[in-house]
Structures are given as C-alpha cells and as structure tokens.
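# Coordinate analysis (summary)
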Amino acid sequence: MSQAQLIQGNEACVKGALAAGCRFYGGYPITPSSEIAEQMVRLLPDLGGVFIQMEDEIASLASVIGASLAGSKAMTATSGPGFSLMQEHIGYAAMTEVPCVVVNVMRGGPSTGLPTSPSQGDVMQARWGTHGDHPAIVLAPSSVAEVFDVTVKAFNLAERFRTPVIILYDEIIGHTRESVVLPDSIEVVDRVQPTDAPADFWPMIAPDDGVPPLPAFGDGYRFHVTGLAHDERGFPTNDAQVAEALVARLHNKIDAHLDEVIEVDTYMVDDAEIAVFAYGIVGRSAREAVMRARDNGIKAGLIRPVTLWPFPYEQVAEVAAQVDTILVAEMNLGQIIGEVERAAAGKAEIKGYLRADGEPITPTALLEAITPDKEGQR
Amino acid sequence: MSRNEIRIAGAGGQGVVTAGRILAEAAILSGNDATHSQVYGPQSRGGASRSDVVIASGEIGFPLADDIDLLIVLSGEAYSRYEPELSSEGRLVVDSRCAPSDLNGDARQFAVVDTARAISGSQLVTGVVALGVLQALEDVVEADALREAVSARVPRKHREMNLEALQAGMELVGGGGA
C-alpha cells in the first residue's frame, strides 16, 4: 500500500483518470474545477499525453471526442456554465458512441451564480441537458477517496459501453483535502477492438451485448461518424425501423447491464423507520446524522447512490418498502426527490431537506430533521 | 482526542489556506486522520479567507467543520463574521489588532500579525505564526511533525523564514499572552 496523502478531490480525479489510462485532456478552466486542468497540464506531457486549452467548452468536448476516436482515453472538466455549453456534444458522443469522461464540479447557479460555493443543481441537467432520447451514466462520489475510484470507474464504463460518462461532484468534494491511501493497482477496461479483417468490417455492427467494436481512426478500418441516425455501416438514414433500432440499442446496451453500472451504498437501513437519501457531500452529512440519531435511539438509516443515473429505482423501492419515511436531502430546490417518489410509488412518505444558498447541509441540521418532536412528528 | 475542529479565519494574503493545509498534513504525520477545507471569495486577493481543519484519532466521517472547538481570527472582518458562530464551549484566539475592547474574558489575544510583519515585512507568514500559537496553546499535533510539514509545504527559499515564524508564534504564548 502507498502512503496516506492529503489531497483535494480535484487532484484525486486527475490521479484516477491517469491511472485509468487517460492521455488526453481538452478543456477550458473554470472554478471550482480548475485544479483538474492545472494538474493535467503538469502531468500529461511526461506520460506522452496531450493537454489542450480550447477556446471554450463546446470546443473542449469536441477535442475530447476527436481524441477518443483517434484511440486515446480522453476527458474534460468544467462547472455549471461550461457544462451548459457541453450539452450539444454530450448528445453527439452518446449518438456516435464515443467513450469520454466529462467532470462537472457543481457550483451555485443558475448562470454564473456562486463560483466558489457548492451546489447539486445540475443533477437533472446531467440526465436531460442534451436533447433526444439518449442514455446517461452519471456518477456522484462523496469523498476524495471515492473521487479516485469513481473516476476510474467512469473511464471503464465509457470504454465498456462506448458512451459519455459524467462525474458530478460539488465544490466541497472538489476542494476539500482528505487523507487518502491510493490503491497500488486497479482494474482497467479498454474498448473492444474488431476481430474482422478491415475489408469485412462495418463500424456500427454490434454483437449481442449491443456495443460495437471501436478501432482507432487511421487503423485501416472503415470509419464513418455522424450525429444523424445511421445504419450499421455508419451512414445516415431516415428509415424509421433503423432509427428505432439504433435508439433502442443505445439504451439497451446499458440497461441490460445495470449491475455493472449501478452502485448504491446503504447504511443501517435493515430496521430503520426513517432513511435519509443523500449523495455527494450530503451523503457524508447524512451518514454522520444517522450515526448520531442511532446514539439517541432513533432508528435511522442511509441510502447513498454513487450512481445517480441510471437511477437505482429497484434499490430505492426495496428500502421504501421497509421504512415509513425517506428524507431526501440535496443542495438544490428538489431534483432527484422526484425520482425517489417514483421509485417509492407510495410505499413510504417522501420528505425533502432542500437547500440552494451555497452553504452545505450539515449533520446537525439533518439530525434535527430526522428527530421526531414531542408529538412524534418529523 | 475524538474530533477536534479548528478554524483559522483571516484575510486573503495572510496564508490562511496554506496554514490549514500544513496543520492537516502535520496531523497525518502525527498518526491521525485529518481533513482541510477552505472558503474563499471569487477575488484572488483581499476579502475574507478561512481554513477549517478537522483532526481525529479515528476515521473522519463528515469532513467539514460542524461545531468549531478552536477559532483563530486574524482580521477584523473575520472576527465579526465568525465569532458569533462560535459555541459557548468553543475557544477563541484573536490577533491583538482586531480584538475588540469588550473581548470575551476567556479569549486569548496575541500579536500574530505584528509578529508576522516583523519577520517577513508583510502579512504572508501570519498563518504560520498562528500555527505556532496554536501548537503552544493546544498541542494538537507533534511539534516535530508541524516543523516537518512547514518545511515540506512552503517554497524552499522561504523555509527558514517560515520556521522562524512558527517558532515566534510558539514564543508568543510562552511570553504569556495578554
């Protein structure tokens, strides 16, 4: 094992990305994500990688998509205002099935908002910010150590499923320094390569698992990339059946493997009367609040999704069937709470602890919210 | 030591963030778990700046300060902003320049900023002087670990000056703060 080191979430993201094989970074610095660019520009050249500061966030993700098609594992990082600009190319990467990782270190919004303050206001944008029926994988780490693990997982999922993967964390996780012991070795997944001879290869023919092989541009295989609906040869088409099959495959390649994607951490839910649903930094507050509540004799538990999208409906439904109440705590005016309600489907009462003023939700505040008053009401 | 929350609050340019980072690194060198978080405004100089360090013998759950045990304030703005948030059990250390006439009787005051100015000719090492004061008062980390962390964190050409600042902070307490 390596030594414990005091590092920031943004540094852990860089370390995870490089360990997973990232060798291209195209970006435009923005608070509170800038340390990612800062470290990448320092470290990538010595690894034979490339760093480009682009003119804006639209071009940033375009450069990442190009680098990935040329065979490099590639990423960018931004915050709300830049994430808005990236939406166009997130959809393009989903449609063209280009593996890439986009980090959004969330700050207060809307617009330029509160540049140095935390928020979780981009949770629905990460799912639905780009147009059309696209799949989305969105991961939300809640500690510096988990940022490392999730970044590795993001690259692996992007390669495995040929899809953009979004990492969402907030300013607190990005800037807080924690003592971390990084693993000596990690599992690294690489995109599947064609087994056919170049003459027999068509770019969009998918095997049973729905993920077509992806040779690098210039390897000698036929190559056609378009955001238009396309057939198995990669060429544009208006054929309704072909278009329907394509969109269905884009979803199914992920939906058929949810066990590889969905990760949910639960804590003391087995006998709980109330469960707190929280992610990111709020997951840490919630865990502490649950521990203190247990000390006070309150049967509380925690559901903390690491995977926000695809949403863990099944896992939340299971908890909803066990508890009386689920308290959804998030640093926005109510985004993921709607999904919790859908998952619970009336089996548990859903309450919100919502805050969107740029200040964190503290364990003390959550403990108060889960502690019943004299009449037994929460 | 179960959990110790220390807040160093001052102005941009006083080295408050670096000081917090050094303290957390010294805590890890001393065999504890530690976290460091910072709050700052959009501007790069001036304005309020704050560093929170959580130190615990076991694993830290919530990484941010939730109930400050010790508050060190190094500017008037930081005093007005953070002193009211301190609980009745929280201990307070104030730079003499920004201590109000009605300062709480249990609070300690030391000439942190003046000492920093005397050593560096500016406020840059204020945070490190404050670390010396903190160490002499509370002994939260091992003194050798603190020296090692200062040496490792500051630029080589300023190492001696920062070690001097740390020592001067410790001696401020030895001389019996007002």
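Everything quoted here is computed from the prediction, not taken from an experiment. The numbering scheme is per chain: residues are counted from 1 as the chain's sequence reads. The order in which chains are written sets their letters, starting at A; the order in which ligands are written sets their numbers, starting at 1. Given that this is a predicted model, residues contribute local features only at a pLDDT of at least 70 and side-chain atom pairs are listed and counted only at 80 or more, while totals for whole chains, interfaces and linings are drawn from all residues. Excluding hydrogens and water, the side-chain figures rest on all heavy atoms present in the structure.

Here a helix means four or more residues in a row that DSSP labels H or I, a strand means two or more in a row labelled E, and each is numbered from the N terminus. A tally of regular secondary structure across chain A gives 13 helices and 15 strands. Throughout, the radius of gyration refers to the C-alpha atoms, and the reference size of a globule is 2.2 Å times the residue count to the power 0.38. Over its C-alpha atoms chain A spans a radius of gyration of 21 Å, differing by no more than 12% from the 21 Å that the globule rule assigns to 378 residues. Principal-axis analysis of the C-alpha atoms gives chain A an extent of 75 × 45 × 40 Å. Evaluated residue by residue, chain A yields a buried proportion of 57% over its 378 residues. Counted over contacts in chain A with a minimum sequence separation of 6, partners at least 24 positions apart contribute 77%. What sets the accessible areas is the Shrake-Rupley method with a 1.4 Å probe; for residues, cover comes only from the shown protein chains. Surface accessibility of chain A: about 14900 Å² in total, with carbon and sulfur atoms responsible for 50%. Just so you know, the count uses Lys and Arg for positive and Asp and Glu for negative, and it drops His and the chain ends. By convention, the charge on Lys lies at NZ, on Arg at CZ, on Asp at CG and on Glu at CD. Charge centroids of chain A, computed over 27 positive and 51 negative side chains, lie 2 Å from each other. Each residue is assigned to one of three classes by its accessible area relative to the maximum for its type, calculated with a 1.4 Å probe on protein chains only: buried under 20%, partly exposed between the two thresholds, exposed over 50%. The contact criterion used throughout is that any non-hydrogen atoms of two residues lie within 4.5 Å.

What follows covers the pairing of strand β2 (residues 33-40) of chain B. Taken across its 8 residues, β2 of chain B has 6 buried, putting it largely inside the fold. Strands were regarded as paired on the criterion that DSSP finds at least two bridges between them. As judged from the 2 bridges shared by strand β9 (residues 177-180) of chain A and β2 of chain B, these two strands associate in the antiparallel manner. Each bridged residue has a counterpart across the sheet, and for R177 of chain A the counterpart in β2 of chain B is H36 of chain B. Pairing between β2 of chain B and strand β3 (residues 48-56) of chain B: 8 bridges, direction antiparallel. Looking across to β3 of chain B, one finds that Y40 of chain B is bridged to S49 of chain B.

A word on the pattern of salt bridges. Residue and element names in this part refer to chain A. For this document, the term salt bridge refers to a Lys or Arg side-chain nitrogen within 4 Å of an Asp or Glu carboxyl oxygen. All told, the structure shown has 26 salt bridges over all chains when counted by the stated rule. Of the charged contacts in the structure, one is a salt bridge between E159 and R191, with a shortest N-O distance of 2.9 Å. Taken together, the residues span a long stretch of sequence, with E159 in helix α6 (residues 144-161) and R191 in the loop between β9 and α8 (240-255) at a distance of 32 residues. Classification of E159 by relative accessible area gives buried; the value is 3%. One salt bridge in this structure joins E288 and R292, with 3.8 Å as the shortest N-O distance. Of the two residues, E288 and R292 are both situated in helix α10 (residues 281-295); the distance of 4 residues between them amounts to about one turn of the helix. Using a relative accessible area of 14% as the deciding quantity, one classes E288 as buried. Its relative accessible area of 27% is what places R292 among the partly exposed residues. Here the salt bridges do not stand alone but share partners, grouping E146, D265, R287 and R304 into one network.

Attention now goes to the sheet that holds strand β11 (residues 274-277) of chain A. Residues and elements named next belong to chain A. Read across the open sheet, the 5 strands follow the order β10-β12-β11-β14-β15; overall the sheet is mixed. Looking at the sheet topology across the chains shown, the edges are occupied by β10 (264-267) and β15 (349-354). Along the sheet, successive strands turn relative to each other by an average axial angle of 20 degrees, direction set aside. For β11 and strand β14 (residues 325-330), the ladder comprises 4 bridges, and the chain directions are parallel. Only C-alpha atoms enter the line fits that serve as axes; for helices the fit covers just the stretch in contact. Angles between N-to-C directions range over 0 to 180 degrees.

Residue and element names in this part refer to chain A. Domain start and stop positions are those given by an automatic or database domain assignment. Splitting chain A by domain gives domain 1 (5-180) and domain 2 (264-370). Relative placement of domain 1 and domain 2: their C-alpha centres are 26 Å apart. Counting residues at the interface gives 26 residues for domain 1 and 21 residues for domain 2. Two parts placed together each lose some accessible area under a 1.4 Å probe, and adding up what both lose gives the buried area. Summed over both sides, the interface of domain 1 with domain 2 buries roughly 1900 Å², with 57% coming from carbon and sulfur. Joining domain 1 to domain 2, the criterion identifies 2 salt bridges.

Turning next to the packing of aromatic side chains. Residue and element names in this part refer to chain A. Working definition: a ring pair exists when centres of Phe, Tyr or Trp rings (six-membered ring for Trp) sit within 6.5 Å. Plane angles under 30 degrees give stacked, over 60 give edge-to-face, the rest tilted. What the rule picks out here adds up to 6 aromatic pairs over all chains. Relative to F51, the ring of Y25 has its centre 5.4 Å away and its plane inclined at 5 degrees; by these criteria the two rings are stacked. With Y25 in strand β2 (residues 22-27) and F51 in strand β3 (residues 50-53), this residue pair connects regions lying 26 residues apart in the sequence. Its relative accessible area of 1% is what places Y25 among the buried residues. Here F201 and Y221 contribute two aromatic rings whose centre-to-centre distance is 5.1 Å and whose plane-to-plane angle is 75 degrees, an arrangement assigned as edge-to-face. Separated by 20 residues along the polypeptide, F201 in the loop between β9 and α8 and Y221 in the loop between β9 and α8 bring together distant segments of the chain. Each residue in the set F277, W309, F311 and Y313 is aromatic and connected to the rest through ring pairs, giving one cluster. Two conditions define a charge located above a ring, namely a distance within 6 Å from the ring centre to NZ of Lys or CZ of Arg, and an angle within 35 degrees of the ring normal. Residue placement shows R222 over the ring face of W202; its charged tip is 4.0 Å from the ring centre. In this structure, R287 is placed above the aromatic ring of Y267, and the distance from its NZ or CZ to the ring centre is 4.0 Å.

Residue and element names in this part refer to chain B. Multiplying 1.5 Å by the residue count of a helix minus one yields the expected span of that helix. For helix α4 (residues 126-138), which comprises 13 residues, the first-to-last C-alpha distance of 18 Å matches the rise-based estimate of 18 Å (1.5 Å per residue) to within 8%. Of all 13 residues in α4, 10 are buried; the element is thus mostly enclosed. Along α4, the positions that sit buried rather than exposed are T126, G127, V128, V129, A130, L131, G132, V133, L134 and Q135. The positive-phi residue at the C-terminal boundary of α4 is D139, with phi of around 55 degrees.

Before going further, it helps to spend a moment on helix α4 (residues 80-96) of chain A. All names here are of chain A. Counted at 1.5 Å a residue, the expected span for α4 with its 17 residues is 24 Å, and the 24 Å between its end C-alpha atoms agrees. Taking the largest bend as the criterion, α4 deviates by roughly 45 degrees, centred on M86. In terms of burial, α4 is largely enclosed, as 12 of its 17 residues are buried. Buried within α4 are the following residues: G80, G82, F83, M86, Q87, H89, I90, G91, A93, A94, M95 and T96. Among the structural elements, α3 (57-69), β4 (73-78), β5 (100-108), α5 (123-128), β8 (164-170) and α8 are those in contact with the buried residues of α4. One or two residues past the end of α4 sits E97, with phi positive at roughly 60 degrees. Bending is quantified residue by residue as the angle between axes fitted to the seven-residue window ending at that residue and the seven-residue window starting at it.

The two faces of a sheet get side chains in turn, since along a regular strand they alternate between them. Residue and element names in this part refer to chain B. Buried residues dominate strand β1 (residues 3-11), accounting for 7 of its 9 residues. Pairing of β1 with β3, which is carried by 9 bridges, proceeds in the antiparallel orientation. Among the inter-strand pairings, A11 is bridged to a residue of β3, identified as A48. Of the pairings in the sheet, the one linking β1 to strand β4 (residues 70-73) comprises 4 bridges and is parallel in character. Paired with A9 across the two strands is V73, which belongs to β4.

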